[in-house]
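Now for the letters of each chain:
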Amino acid sequence: MDSLGAGGCSETFRYMELAMEQAKHALECLEVPVGCVVVRDGKVIASGRNRTTETRNATRHAEMEAIDVLLKQWQTCGLSASEVAERFSNCVLYVTCEPCIMCAAALSILGIKEVYYGCANDKFGGCGSILSLHSSCTQTNTSEEDAPGKSFKCTGGIMASEAVSLLCLFYEQGNPNAPKPHRPLTQAKPDMPL
Ligand SMILES: [Zn+2]
């Protein structure tokens, strides 16, 4: 079965299961299978999946997709920057693979409350694998203008084996939509050119 991570309550797995659904959907669409959901006050308020191939945009990771759904929604509602920040500070992200450096930085700047992830991202991970952006900033940093970001709680290893299995499936089958043939076929890692 899956490797149980810390904080392995049933609620955590229930939300990660939903993130996994998103990752499966990505796989069906021939995208690197990474998915996520954002939960606020016990409710799933956004979900996202990797869309880098479809959009031909290497920054369209699952986390960015979900974040943009929320930003659009909240801006449409007319929320101020501080109200948006307040909302993010109550959001928990469940993502099937450790956020990359780009996404971890974005989550830190937005001031997300907490992140649960599945498998580690040994190549680009920003929550412990390569950099530790979740813990490198101070909690007390509240200025919007000059804040590099805030720390957030981060727990990995939730349904990690399922997350890895999906990535393996993807790389085993190859990626017919890939624009270039240099995609690593042997590594179970989300791609992100840096
Ligand atoms: Zn990312």
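Identification of the protein chain as CMP/dCMP-type deaminase domain-containing protein from Erythroxylum novogranatense is taken from an unreviewed UniProt entry.

Student: When you look at the overall build of the protein chain in this model, what are you seeing that I'm missing?
Tutor: Regarding its fold elements, the protein chain presents 6 helices and 5 strands. Ordered by position in the sequence, the α and β elements of the protein chain form the string α-β-β-α-α-α-β-α-β-β-α. Scored against the burial criterion, the 194 residues of the protein chain give a buried share of 41%. The long-range fraction of contacts in the protein chain, counting pairs at least 24 apart against all pairs at least 6 apart in sequence, stands at 58%.

Student: Quick question: what am I supposed to make of the sheet that holds strand β4 (residues 114–119) here?
Tutor: Strands pair in a sheet through their backbones, by hydrogen bonds, and they do so in one of two ways: parallel or antiparallel. Taken together, the 5 strands give an open sheet; going across it, the order is β2-β1-β3-β4-β5, and neighbouring strands pair in mixed fashion. The open sheet terminates on both sides in strands that have one partner only, identified here as β2 (43–49) and β5 (153–155). The mean angle between the axes of side-by-side strands here comes to 15°, regardless of whether they run parallel or antiparallel. Here strand β1 (residues 35–40) runs beside strand β3 (residues 91–97); their pairing, made up of 5 bridges, is antiparallel. Along β3, the bridge assignment pairs C36 with V95. Here helix α1 (residues 10–28) sits on the sheet and contacts β1, β2, β3 and β4; the angle it forms with β1, its principal contact strand, is near 145°.

Student: Sorry, what's going on with helix α3 (residues 62–76) here?
Tutor: Each turn of an α-helix holds 3.6 residues, which means side chains three or four residues apart point in the same direction. Taking 1.5 Å per residue as the helical rise, α3 with its 15 residues ought to reach 21 Å, and the 21 Å between its terminal C-alpha atoms agrees with that figure. Listed in full, the buried residues belonging to α3 are A62, E63, M64, E65, A66 and I67. Tucked inside the fold, the buried residues of α3 contact α1, β1, β2, β3 and α5 (101–110). Immediately beyond the C-terminal end of α3, within one or two residues, lies G78, with a positive phi of roughly 80°.

Scoring rules and cut-offs
- Sequence order as written defines residue numbering, which begins from 1 separately in each chain.
- Thresholds applied to this predicted model are a pLDDT of at least 70 for local features of residues and 80 or more for the giving and counting of side-chain atom pairs; totals over whole chains, interfaces and linings are not thresholded and use all residues.
- Helix numbering and strand numbering both begin at the N terminus, where a helix is a DSSP run of H or I of at least 4 residues and a strand a DSSP run of E of at least 2.
- Neighbour density around each residue's C-beta defines its exposure: 20 or more other C-beta atoms within 10 Å make it buried, 12 or fewer make it exposed, and counts between make it partly exposed, where C-beta atoms are placed from the backbone.
- By definition, residues are in contact whenever their C-beta atoms, placed on the basis of the backbone, come within 7 Å of each other.
- Should DSSP find at least two bridges between two strands, the strands are regarded as paired.
- Helix axes are fitted only over the stretch in contact, all axes being lines through C-alpha atoms; the angle between N-to-C directions runs from 0 to 180 degrees.
- Every helix has an expected span of 1.5 Å times one less than the residues it contains.

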